[in-house]
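# Chains, contacts and geometry: an overview
Take a look at the letters that make up each chain.
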Amino acid sequence: MKIGITGGSGLIGSHLTEKLAGDLNADILLIPRKLLYGNVQDLSEFIKYCEVIMHLSGAPVICRWNSKNKQVLRNSRITTTKNLNSAIALMEIKPKLFISTSAVGIYDNKHTHNEYSKNFSDDFLGELCIEWENAANEI
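Here's a quick rundown of the structure.

To continue, consider the pairing of strand 1 (residues 2–6). Across the five residues of strand 1, four count as buried, placing the element largely inside the fold. Chirality of the crossover, the property in question, places the unit of strand 1, helix 1 (residues 11–23) and strand 2 (residues 27–31) among those that are right-handed. The sheet contact formed by strand 1 and strand 3 (residues 52–55) spans four bridges and is parallel. Its bridge partner lying in strand 3, Thr6 is registered against His55.

Below you can see the structure in the form of structure tokens.
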């Protein structure tokens, strides 16, 4: 099985790639950041034989949330997800599965939550997560 992974060199991605390669004997394709921001045709060609795409990339949220860094956070999540969507749309044989990370920051801190909760946070991180998940749902 060929699995394409964005963010594969990060904390979670590096452990996940090792586990998938070891336990499933999966062929792991690390999708470079430059392709996620580049030409979607090139990205599509790069991932064309992937049966699964795991989208783990995103700039760290532990930073000062000024307008410049907020844009970096948005681009690293929403732009890259939309570019993956466009690249997958160009593929003759689509991946069987697309997995995208998100964050618990989507939820408010006033309720108990599960994956069906709709009590979203109305701060920057909550709005970022909602926009990010909406982009992923288009795939």
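Structure shown, so let's carry the discussion forward.
Before going further, it helps to spend a moment on the side chain of Thr80. Tracing the chain through its elements places Thr80 in helix 4 (residues 67–90). Polar side-chain contacts of Thr80 include one of 2.8 Å to the backbone oxygen of Ser76. Setting aside chain neighbours within four positions, we find Thr80 in contact with Leu36, Tyr37, His55, Ser57 and Asn75.

Our focus in this paragraph is the nonpolar core. The biggest cluster of nonpolar side chains holds 14 residues, and the ones touching the most others in it are Ile31, Leu43, Ile47, Ile53, Leu84, Ile88 and Phe98. Grouped together as the second largest cluster of nonpolar side chains are ten residues, Ala59, Ile78, Ile106 and Trp132 included.

All right, on to the environment of Asp122 then. Mapped onto the elements of the fold, Asp122 is located in the loop between strand 4 (97–100) and helix 5 (124–137). According to the relative accessible area criterion, Asp122 is exposed, its value standing at 68%. As for Asp122 and Gly105, which are separated by 17 residues in sequence, their C-alpha atoms are 9.9 Å apart.

Rules used throughout
Every chain's residues receive numbers from 1 upward, in the order its sequence appears when written. The predicted nature of this model means local features are confined to residues of pLDDT at least 70 and side-chain atom pairs, given and counted, to a pLDDT of 80 or more, with totals for whole chains, interfaces and linings taken over all residues. Hydrogens and waters are ignored; side-chain quantities use all the structure's heavy atoms. In this scheme, a residue with accessible area under 20% of its type's maximum is buried, one over 50% is exposed, and one in between is partly exposed, where area comes from a 1.4 Å probe on protein chains only. A helix here means a DSSP run of H or I that spans at least four residues, while a strand means a run of E at least two residues long, and both kinds are numbered starting from the N terminus. Every crossover in which the path from the first strand over the helix to the second runs clockwise, viewed with the strands pointing away from the viewer, is termed right-handed. DSSP calls a pair of strands paired once it identifies at least 2 bridges connecting them. We call two N or O atoms a polar contact when they sit within 3.5 Å, provided that within protein one can donate a hydrogen and the other can accept it, with sequence-adjacent residues counted only if both atoms are side-chain atoms. The contact criterion used throughout is that any non-hydrogen atoms of two residues lie within 4.5 Å. Only buried residues count toward a nonpolar core, which is a set of Ala, Val, Leu, Ile, Met, Phe, Trp, Tyr and Cys residues joined through side-chain atoms within 4.5 Å.

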